[in-house]
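Here is what each chain is made of, one letter per residue.
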Amino acid sequence: MVYSGTGLVGYGELIIVKHNEQWLSAYGHNRARLVNEGQRVKAGEQIAEMGRSGASRDMLHFEIRYNGKPQDPLSYLPKR
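Residues numbered from 1 in each chain as written. Predicted model: local features only at pLDDT ≥ 70, side-chain atom pairs only at ≥ 80, totals over all residues. Heavy atoms only, no water.

Colleague: Tell me about the pattern of salt bridges, and name the residues and values.
Modeller: The full count for this structure, using the stated rule, is 4 salt bridges. Glu 13 is paired through a salt bridge with Arg 33; the nearest N and O atoms lie 2.3 Å apart. Linking Glu 13 in strand E2 (residues 13-18) with Arg 33 in strand E3 (residues 23-33), this pair joins segments that are 20 residues apart in sequence. Look at Arg 33 and you get partly exposed, because its relative accessible area is 31%. Close ionic contact of Lys 18 with Glu 21 constitutes a salt bridge, the shortest N to O distance being 3.3 Å. (Salt bridge = Lys/Arg side-chain N within 4 Å of Asp/Glu carboxyl O. Helix = DSSP H or I, 4+ residues; strand = E, 2+ residues; numbered from the N terminus. Buried < 20%, exposed > 50% of the residue type's maximum accessible area, 1.4 Å probe, protein only.)

Colleague: Lay out the confidence of the model for the protein in plain terms, naming residues and giving numbers.
Modeller: For residues with low pLDDT, the predicted coordinates do not support detailed interpretation. With 95% of its residues at a pLDDT of 70 or more, the protein has an overall mean of 89. Confidence scores differ between elements of the protein, with strand E4 (residues 48-50) showing the lowest mean pLDDT of 90 and strand E6 (residues 69-71) the highest of 96. (pLDDT = per-residue confidence, 0-100.)

Colleague: Run through the pairing of E2, naming residues and quoting values.
Modeller: Sheet topology places strand E1 (residues 3-5) next to E2; 3 bridges connect them, and they run antiparallel. Its bridge partner being in E2, Tyr 3 is matched across the sheet by Ile 16. Here 5 bridges tie E2 to E3, and the two strands are oriented antiparallel to one another. Counterpart to Ile 16 in the pairing with E3 is Ala 26. (Pairing = 2+ DSSP bridges.)

Colleague: Mind laying out the environment of Arg 33, listing which residues take part and the relevant values?
Modeller: In this structure, the C-alpha to C-alpha distance between Arg 33 and Ser 4, residues 29 residues apart in sequence, is 7.2 Å. Setting aside chain neighbours within four positions, we find Arg 33 in contact with Ser 4, Gly 5, Thr 6, Glu 13, Leu 14, Ile 15, Ile 47 and Ala 48. Within the structure, the side chain of Arg 33 is placed 3.0 Å from the side chain of Ser 4, a separation counted as a polar contact. (Contact = heavy atoms within 4.5 Å. Polar contact = N/O pair within 3.5 Å; in protein donor to acceptor, adjacent residues only side chain to side chain.)

Colleague: I'd love a proper account of the packing of aromatic side chains, names of residues and values included.
Modeller: Within the structure shown, the criterion is met by 3 aromatic pairs. Geometrically, the ring pair formed by Trp 23 and Tyr 66 is tilted, given 4.7 Å between the ring centres and 50° between the ring planes. In this pair, Trp 23 sits in strand E3 while Tyr 66 sits in strand E5 (residues 61-66), placing the two residues 43 residues apart along the sequence. Aromatic side chains Tyr 27 and Phe 62 sit 5.3 Å apart centroid to centroid with 50° between the ring planes, which places their arrangement in the tilted category. Taken together, the positions of Tyr 27 in strand E3 and Phe 62 in strand E5 put the pair 35 residues apart, joining distant regions of the chain. Since its relative accessible area comes to 28%, Phe 62 is described here as partly exposed. Members of the aromatic cluster, connected to one another through ring pairs, are Trp 23, Tyr 66 and Tyr 76. (Phe/Tyr/Trp six-rings, centres within 6.5 Å; stacked < 30°, edge-to-face > 60°.)

So, in structure tokens, the structure goes:
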């Protein structure tokens, strides 16, 4: 876990997970963060609860970055 907090304006309760030196994923607009900075998390572990956090409706902001550059998450998520 690289970041867990509210310090970035526009993302509400935000969690950023560092997967390795190149890859990060970000999860914003959470109602509650269930992990802390520096904590190790495993795939499939619940890290937050979705919520409004200032938005007009419940939502999740999801981002994946490679070397700091945003990537299309559909290329990395499992097929439906």
